[in-house]
Amino acid sequence: PPPPPPPPLFFLLIRRPPISTHGVSSAASDVYKIQGLKAKAPEGWVRQKPANRMRKAQFKLPHAENDTFDGELTVIPAFGGMDANVQRWKQQFKEAPEPLMTTRKVAGMDVAIVQLDGTYMYKARPMDPNEAGQARPDYRVLAAVVQAPGGQVFFKSFGPRATMEKWQEAFTDMVDSFAPAQE
């Protein structure tokens, strides 16, 4: 059969073989496991202590040269299903933009890539209904929703568009690193 068509260019998913690394020593070789899935954090991302118990991993994506704010990626077991969460992510933008979405398989697992662009209403505590959002124009959310062996997992990143574009290939490398964890 002919090869599958290339993925949409909006997120430039560059296919590479996953890099195998054992253990956790630094962000450059940071492999972590969640819900029967293992993933490798890209070089240059800074692992942080998760801000709350829902987050199983959290990374700072250092900002692009002319941006003020860093990007952030959080890893969370999914609650409420993909559609409900994508709707919630849309509401985190002033414009409630329609997401760009595509799906593919990585190591036999279904992965959906979601991208939203617009004025992000930043909240230090996103689930706090009493916190007012701070408008941050020209922001991007880039997320991977993975059907892992132990359940659905969200890898959600957000930040200024230029910062997210800077880390686009690294995000793709992380997606390409997804593999079932050997327990």
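Residues numbered from 1 in each chain as written. Predicted model: local features only at pLDDT ≥ 70, side-chain atom pairs only at ≥ 80, totals over all residues. Heavy atoms only, no water.

Topic: the pairing of strand E4 (residues 57–61)
Burial within E4 is extensive, with four of its five residues counted as buried. Bridge count between strand E3 (residues 46–48) and E4: three bridges; the pairing is antiparallel. Counted as the bridge partner of arginine 47 is phenylalanine 59 from E4. Sheet topology note: the E4/strand E5 (residues 71–77) ladder contains five bridges and is antiparallel. Opposite lysine 60, over in E5, you have glutamate 72 as the bridge partner. (Buried < 20%, exposed > 50% of the residue type's maximum accessible area, 1.4 Å probe, protein only. Helix = DSSP H or I, 4+ residues; strand = E, 2+ residues; numbered from the N terminus. Pairing = 2+ DSSP bridges.)

Digging into the packing of aromatic side chains
For the structure on display, the rule yields 10 aromatic pairs. Aromatic pair tyrosine 32 and phenylalanine 155: ring centres 6.4 Å apart, planes at 40°, arrangement tilted. Taken as a pair, tyrosine 32 in strand E1 (residues 31–34) and phenylalanine 155 in strand E9 (residues 151–160) lie far apart in primary sequence, 123 residues in all. Neither residue differs from the other here; tyrosine 32 and phenylalanine 155 are each classed as buried. Geometrically, the ring pair formed by tyrosine 122 and phenylalanine 158 is tilted, given 6.2 Å between the ring centres and 40° between the ring planes. (Phe/Tyr/Trp six-rings, centres within 6.5 Å; stacked < 30°, edge-to-face > 60°.)

Here's the deal with the environment of isoleucine 34
Summarising the element assignment, isoleucine 34 is placed in strand E1. Apart from the residues lying within four places of it in its own chain, the contact partners of isoleucine 34 are Lys56, Val75, Ile76, Pro77 and Val153. (Contact = heavy atoms within 4.5 Å.)

Some remarks on the sheet that holds strand E10 (residues 179–180)
An order of E1-E2-E10 is seen for the three strands of this open sheet, with the pairing classed as antiparallel. The open sheet has two edge strands with one neighbour each: E1 and E10. Summarising the sheet, E1 and strand E2 (residues 37–40) pair through four bridges and their orientation is antiparallel. In the strand pairing of E2, valine 31 is matched with lysine 40. Relative to E2, helix H3 (residues 168–177) is tilted by about 150°, and along the sheet it contacts E1, E2 and E10. (Axes fitted to C-alpha atoms, helices over the stretch in contact; angles between N-to-C directions.)

Note that every value here comes from positions in space, so none of it alone points to a role or purpose.
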